Amino acid sequence: MYEEFYGFTGRPFALSPDPRFFYASKGHSRAMAYLEYGVQLEEGFIVITGEVGAGKTTLVRSLFETLSDKPLVAAQLVSTQLDAEDLLRSVCLAFGLDDAPSHKAGQLRRLETFLRDTRARGQRALLVVDEAQNLGPDAVEELRMLSNFQGEDGPLLQSFLLGQPEFRRLLRSEDMQQLRQRVIATYHLGPMDEDDSRAYVEHRLARVGWNGRPHFDDDIWARIHDYTSGIPRKVNTFCDRLLLMGYLEECTDLDAARAQQVIDEIEEDLEGVLLDEGPSAAVRPEAGAEAGGLDDRLVASQVSMLRIEQDIEALEERLQRIERNLLVNFRATQEVLKIVRDEGYETESLAPVSSAAQS
C-alpha cells in the first residue's frame, strides 16, 4: 500500500529474514566476526543466542551470501521439539538425503557416506540449527555425536547453533559438559541501542530507494527505540505500521506524536484481543466470596459498566479501522478506473461501489 505513496521500490520492513536488508550493528558485527572465525577453523560448534526477533537467522543468511564462492555445503534445520531419532532424520533431509533408511544405523551410515563424499570433492559440510532451544538434551547429545565423524584432515561436519537465551541455560547444565568442550565460540546477540536503531531503520529504507520522503523528525527516534527495545523484528513491525498510518493519513512528516498515535492504536488492539478472550482475573469475583450484599452488587455493577465502556471503545476503534480500509479500497478502485480509462476500455462494469452498498 504505502510503497507507491512514498516512492519505494519494495517493502522495507517485511518480517521474513532477508540478507539484502542485513544491517551490521555493533552487536551484529561482533556476532558475524565469531561466525567467520568459526568458518575459518572448519570445526567445532559456534553458538549464537538472542531474544526472539534479534536477527539471528538474518545474520546467518547474510554470512551465507559471503560464502557463496567457497567450497561449502550448508544446510539449515529449524528444530521443533525434536527427539534424538527425529533429529538425525531431519539432518539427513536438510542435506537432501531423501534416500536415507528409516532406521538410525542406516541413517548414520548414509550421512557419513555423504560427508566423506563431500570432503572428497574438496568441499565441507556445515549444519545450521535454528531455534536450538527447542531441542531436548538427547537431541543436543545426538548433535555432539555427529561431530565425531572424522576425516584424514579433521571433522567432517561443523555446526552453528542458534537459539533463544534459554539455550544457554541448557548448555550450562551438567549433562552438556562434553558439548561445551567442543564449542569454540559463543555470543549473545543483544538489542540495538538508539543510534543503531535509527541507523537500522534508515538502512532498510535506503535499500528500497528512500529519498527523504517521508521525513522523520529527530524526536521520533527515541520513541521508536523505547517502544521496540531495539529488537529488529519489533522495529520492523512498528515501522511497517507507522508507514501504513502515514499513507492512510497522507502524511509525509513523521514525528514522536505520530509514533505515539501508532503505539496507542497497537495497545488498543491488544486490549481488544484481551476483551475478546473474556474479563481478566483482576475483575472477576473471587470464587469463595459471599454474594448478596449491597457492596457486592455495587462492585458487580461497576465492573459491568467498565466492561461496557471498554467494549464501546474497542468497537469505536474497530469502526475507525474499517473506515480506513474502505478509504484504501476506494483509492485503489479509483486508481484501477484511471488505468482502465487511460487504456480506453469500457468502465461501466467497473464503477466503484458506494460506501452504503459495501456496508
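Only a predicted model underlies this, so the values are computations on that prediction, with no experimental measurement involved.

Caption draft 1: Here's a closer look at the side chain of serine 90. You can see serine 90 is positioned in helix 4 (residues 84–94). For serine 90, a relative accessible area of 18% corresponds to the buried category. Serine 90 has contacts with Leu77 and Leu82, leaving out every residue within four places of it along the chain.

Caption draft 2: Examining the side chain of glutamine 158 more closely. Among the secondary structure elements, glutamine 158 is positioned in strand 6 (residues 157–163). Other than its neighbours up to four places away in sequence, glutamine 158 contacts Gly38, Val39, Glu42, Glu43, Gly44, Arg124, Ala125, Leu126, Leu127 and Ile184.

Caption draft 3: Expanded view of the pairing of strand 3 (residues 124–130). Among the seven residues of strand 3, seven are classified as buried, and the element is accordingly described as predominantly covered. Pairing of strand 2 (residues 72–78) with strand 3 involves seven bridges; the strand directions are parallel. Looking across to strand 3, one finds that alanine 74 is bridged to leucine 126. In this structure, strand 3 lies alongside strand 6, joined through five bridges in parallel fashion.

Caption draft 4: Focus on unusual backbone geometry. For the bond running from arginine 213 to proline 214, omega is 10°, close enough to zero to count as cis. By the element assignment, proline 214 lies in the loop between helix 9 (194–207) and strand 8 (215–216). In this structure, glutamate 131 is a non-glycine residue whose phi angle is positive, near 55°. Within the secondary structure, glutamate 131 is located in the loop between strand 3 and helix 6 (137–146). The class of glutamate 131 is partly exposed, set by a relative accessible area of 26%.

Caption draft 5: The sheet that holds strand 2, seen in detail. Strand order in this open sheet of five strands is 2-3-6-1-7, and the pairing throughout is parallel. The strands lining the two open edges of the sheet, one partner per strand, are strand 2 and strand 7 (183–189). Pairs of neighbouring strands in the sheet enclose a mean axial angle of 15°, with direction left out of account. Bridge analysis of strand 1 (residues 45–50) against strand 6 gives five bridges, and the strand direction is parallel. Along strand 6, the bridge assignment pairs phenylalanine 45 with serine 159. Running at roughly 130° to strand 3, helix 5 (residues 104–120) makes contact with strand 2, strand 3 and strand 6 of the sheet.

What counts as what
Residues numbered from 1 in each chain as written. Predicted model: local features only at pLDDT ≥ 70, side-chain atom pairs only at ≥ 80, totals over all residues. Heavy atoms only, no water. Helix = DSSP H or I, 4+ residues; strand = E, 2+ residues; numbered from the N terminus. Buried < 20%, exposed > 50% of the residue type's maximum accessible area, 1.4 Å probe, protein only. Contact = heavy atoms within 4.5 Å. Pairing = 2+ DSSP bridges. Axes fitted to C-alpha atoms, helices over the stretch in contact; angles between N-to-C directions.

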